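The lines below spell out each chain.
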Amino acid sequence: MPADAEAIYRDVQQRGRLGSVEEAVTVTRMTLQSLAEVLGQEGARALAAALPPELAAELGRAPQRPDPLIDREVFVGRLVNRMDTEYGYDQTVGGLDLVAAYMDDDAATRMQAVFGALKQHLDPGTARQVAAALPPEIRDWWEAG
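On a predicted model such as this, the values are computed, not experimentally measured, just so you know.

Enquirer: Looking at this structure, how should I read the packing of helix α2 (residues 21-48) against helix α6 (residues 124-133)?
Expert: Two packed helices can be described by the angle between their axes and the distance between those axes. Contact geometry for α2 and α6: axes closest at 9 Å, N-to-C directions at 160°. Taken together, the axis directions place α2 and α6 in an arrangement best described as roughly antiparallel. Our pair here, α2 against α6, has a crossing hand that is right-handed. In this structure, α2 uses Leu-35, Val-38, Leu-39, Glu-42, Gly-43, Ala-46 and Leu-47 to contact α6, whose residues at the interface are Thr-126, Gln-129, Val-130 and Ala-133. Tallied by class, the residues present in the contact of α2 with α6 amount to seven nonpolar, three polar and one charged.

Enquirer: I would appreciate a short explanation of the environment of Glu-23 in the present structure.
Expert: Its location among the elements puts Glu-23 in helix α2. Given the relative accessible area of 26%, Glu-23 is considered partly exposed. When neighbours within four sequence positions are excluded, Glu-23 is seen to be in contact with Leu-18 and Arg-110.

Enquirer: Help me understand helix α1 (residues 5-16) in this model?
Expert: The α-helix advances 3.6 residues per turn, and as a result positions three or four apart in sequence lie on the same side. For α1, spanning twelve residues, the distance from its first C-alpha to its last is 16 Å, which sits close to the expected 16 Å at 1.5 Å a residue. Listing the buried residues of α1 in full gives Ala-5, Ile-8, Tyr-9, Asp-11, Val-12 and Gly-16. Looking straight down α1, one finds that the buried residues subtend no more than 160° of arc, so they occupy a single side. A side-chain oxygen of the first residue of α1 lies 3.3 Å from the backbone nitrogen of Glu-6; this N-cap is Asp-4. Phi for Arg-17, located one or two positions after α1, is positive at around 50°.

Cut-offs used in this document
- Residues numbered from 1 in each chain as written.
- Predicted model: local features only at pLDDT ≥ 70, side-chain atom pairs only at ≥ 80, totals over all residues.
- Heavy atoms only, no water.
- Axes fitted to C-alpha atoms, helices over the stretch in contact; angles between N-to-C directions.
- Helix = DSSP H or I, 4+ residues; strand = E, 2+ residues; numbered from the N terminus.
- Parallel < 35°, antiparallel > 145°, perpendicular 65-115°, else oblique.
- Left-handed = near helix turned anticlockwise from the far one by under 90°.
- Contact = heavy atoms within 4.5 Å.
- Nonpolar A, V, L, I, M, F, W, Y, C, P; charged D, E, K, R; others polar.
- Buried < 20%, exposed > 50% of the residue type's maximum accessible area, 1.4 Å probe, protein only.
- Expected span 1.5 Å × (residues − 1).
- Arc of directions from axis to C-beta.
- Polar contact = N/O pair within 3.5 Å; in protein donor to acceptor, adjacent residues only side chain to side chain.

Take a look at the structure:
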């Protein structure tokens with residue numbers, strides 16, 4: 001029987017040390033939408049079967065086949081674009097984009113929280129299927145989550 005959405009959100013909030021359940025909802029949904037892109041319809045259906053309908057719906061826009069061009073930046077981009085920032089860009093010539101560095105670390109922490117919460121509800125075969133579809137660095141986050 002699929003898990004309860006509220007329990008998953010609370011788990012994500014706790015694992016990610018997020019300030020609110022609303023933030024956990026956003027992080028969970030953005031992560032599931034990114035997962036849909038790399039899983040394709042078949043993989044998304046397998047993952048959706050273990051989730052409550054509210055979360056399974058986020059996988060509904062999965063492409064027919066997984067998108068092989070999704071890399072770490074694209075996978076994380078959906079979440080990073082929704083995150084609040086208080087940083088400014090480094091204005092020096094050749095300087096680093098400090099916002100991207102901090103936001104990427106925060107996104108990794110948040111995604112690992114979602115991955116950890118999701119993995120608790122997956123059978124080993126589905127968990128392996130999801131891991132195999134992920135870009136290499138994101139796969140490391142899945143394993144650590």
